[in-house]
Amino acid sequence: MAEHKGKKFVFPENVESGYGIFLGITLKELLLYLVPPIVIGLIIIALPPHNVWLMLFKFMLLLIVLIILLALLSSRPIRHRPNIRFQDYIKLRNQFTSRQKLFYIRKKKDRFLK
């Protein structure tokens with residue numbers, strides 16, 4: 001079979017497949033990670049009692065959770081690799097620590113020469 005003689009496209013490593021809508025976060029990530037805490041937070045805020053201080057506390061707690069989520073979703077831990085996000089970095093580190101390690105042992109005659 002003949003090889004295709006068209007133009008070859010090479011995509012660099014820093015190209016992502018999604019479009020960043022807000023702080024480099026895609027629409028799918030916004031819907032997947034931010035909508036459930038917002039819905040749960042609004043349900044908690046709507047629950048009685050409706051004391052002003054308690055409502056303010058609930059609102060501040062929801063705001064803190066959303067800010068932490070946005071910070072984790074938009075952070076890039078490796079400065080020179082903008083395509084690696086925080087959750088990818090954590091996943092890579094966990095895979096690295098849980099992989100099988102390879103150790104080399106010196107031959108018996110080399111061990112006692114020191």
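Residues numbered from 1 in each chain as written. Predicted model: local features only at pLDDT ≥ 70, side-chain atom pairs only at ≥ 80, totals over all residues. Heavy atoms only, no water.

As recorded in an unreviewed UniProt entry, the protein chain goes by Conjugal transfer protein and comes from Lysinibacillus irui.

K.L.:
Tell me about the overall build of the protein chain, and name the residues and values.
P.N.:
Broken down by element type, the protein chain carries 4 helices and 0 strands. The buried share of the protein chain, taken over its 114 residues, is 12%. Of all intrachain contacts in the protein chain linking residues separated by at least 6 positions in sequence, the fraction that spans at least 24 positions is 45%. For the protein chain, the exposed area adds up to about 10,600 Å²; of that, 68% sits on carbon and sulfur atoms. (Helix = DSSP H or I, 4+ residues; strand = E, 2+ residues; numbered from the N terminus. Buried < 20%, exposed > 50% of the residue type's maximum accessible area, 1.4 Å probe, protein only. Contact = heavy atoms within 4.5 Å. Areas by Shrake-Rupley, 256 points an atom, 1.4 Å probe, with all protein chains shown as cover.)

K.L.:
Can you explain the packing of helix α1 (residues 27-46) against helix α2 (residues 52-74)? Please cite residues and give values.
P.N.:
Contact geometry for α1 and α2: axes closest at 10 Å, N-to-C directions at 175 degrees. Our classification of the angle between α1 and α2 gives roughly antiparallel. Here α1 contributes Tyr33, Leu34, Pro37, Ile38, Gly41, Leu42, Ile44 and Ile45 to the contact with α2, which in turn contributes Met55, Lys58, Phe59, Leu62, Leu66, Leu69, Leu70 and Leu73. Within the contact of α1 with α2, the residues separate by chemical class into 14 nonpolar, 1 polar and 1 charged. (Axes fitted to C-alpha atoms, helices over the stretch in contact; angles between N-to-C directions. Parallel < 35°, antiparallel > 145°, perpendicular 65-115°, else oblique. Nonpolar A, V, L, I, M, F, W, Y, C, P; charged D, E, K, R; others polar.)

K.L.:
Please set out the UniProt feature "transmembrane region" (unreviewed entry) in the protein chain residue by residue, giving values where relevant.
P.N.:
According to UniProt, the positions carrying the feature "transmembrane region" (unreviewed entry) are residues 30-47 and 53-73. A distance of 25 Å separates the end C-alpha atoms of residues 30-47, which is 94% helix and 0% strand. Along residues 53-73 the backbone is 100% helical and 0% strand, and the end-to-end C-alpha distance reaches 30 Å. (UniProt positions renumbered as here; feature names shortened; annotations may be inferred.)

K.L.:
Account for the layout of surface pockets, with residues named and values stated.
P.N.:
Volume-wise, the largest pocket comes out at about 220 Å³. Lining the largest pocket are 12 residues; nearest its centre among them are Thr26, Lys28, Glu29, Arg85 and Gln87. The set of elements that each furnish at least two residues to the lining of the largest pocket consists of α1 and α3 (86-98). When residues in the lining of the largest pocket are grouped by element, the largest group, 4 residues, is from α1. (1 Å grid on protein atoms, 1.4 Å probe; cavity = no way out; pocket = protein on both sides within 12 Å on 5 of 7 lines; lining within 4 Å. Points joined across faces, edges and corners; volume = space filled by probe spheres on them.)

K.L.:
Run through the environment of Leu73, naming residues and quoting values.
P.N.:
For Leu73, the position within the fold is in helix α2. Once the C-alpha coordinates of Leu73 and Glu29 are considered, the two residues, 44 residues apart in sequence, prove to be 8.3 Å apart. Ignoring any residue separated from it by four or fewer positions in sequence, one finds Leu73 in contact with Ile25, Tyr33, Leu34, Arg85 and Gln87.

K.L.:
A description of the nonpolar core should follow, citing residues and the corresponding values.
P.N.:
When a protein is soluble and globular, its nonpolar side chains tend to lie buried together. Within the largest apolar cluster, 7 residues are counted, these being Ile25, Leu30, Leu34, Ile45, Leu62, Leu66 and Leu73. Of all the elements in the fold, those that place two or more residues in this core are α1 and α2. Apart from residues no more than four positions distant in its own chain, Leu30 is found in contact with Ile21, Phe22, Ile25 and Val35. (Core = buried A, V, L, I, M, F, W, Y, C linked by side-chain atoms within 4.5 Å.)

K.L.:
Quick rundown of a nonpolar patch on the surface? Include the residues and the values.
P.N.:
Together, Ile21, Phe22, Leu23, Leu27, Leu31, Val35, Val39, Ile40, Ile43, Ile44 and Leu47 make up a nonpolar patch on the protein surface, roughly 1,000 Å² of accessible area in all. With respect to the secondary-structure elements, Phe22 resides in the segment before α1. Taking relative accessible area as the criterion, Phe22 reaches 41% and is therefore assigned partly exposed. (Patch = residues over 30% accessible without salt bridge, like charges linked within 9 Å, V, L, I, M, F, W, Y side chains within 5 Å. Salt bridge = Lys/Arg side-chain N within 4 Å of Asp/Glu carboxyl O.)

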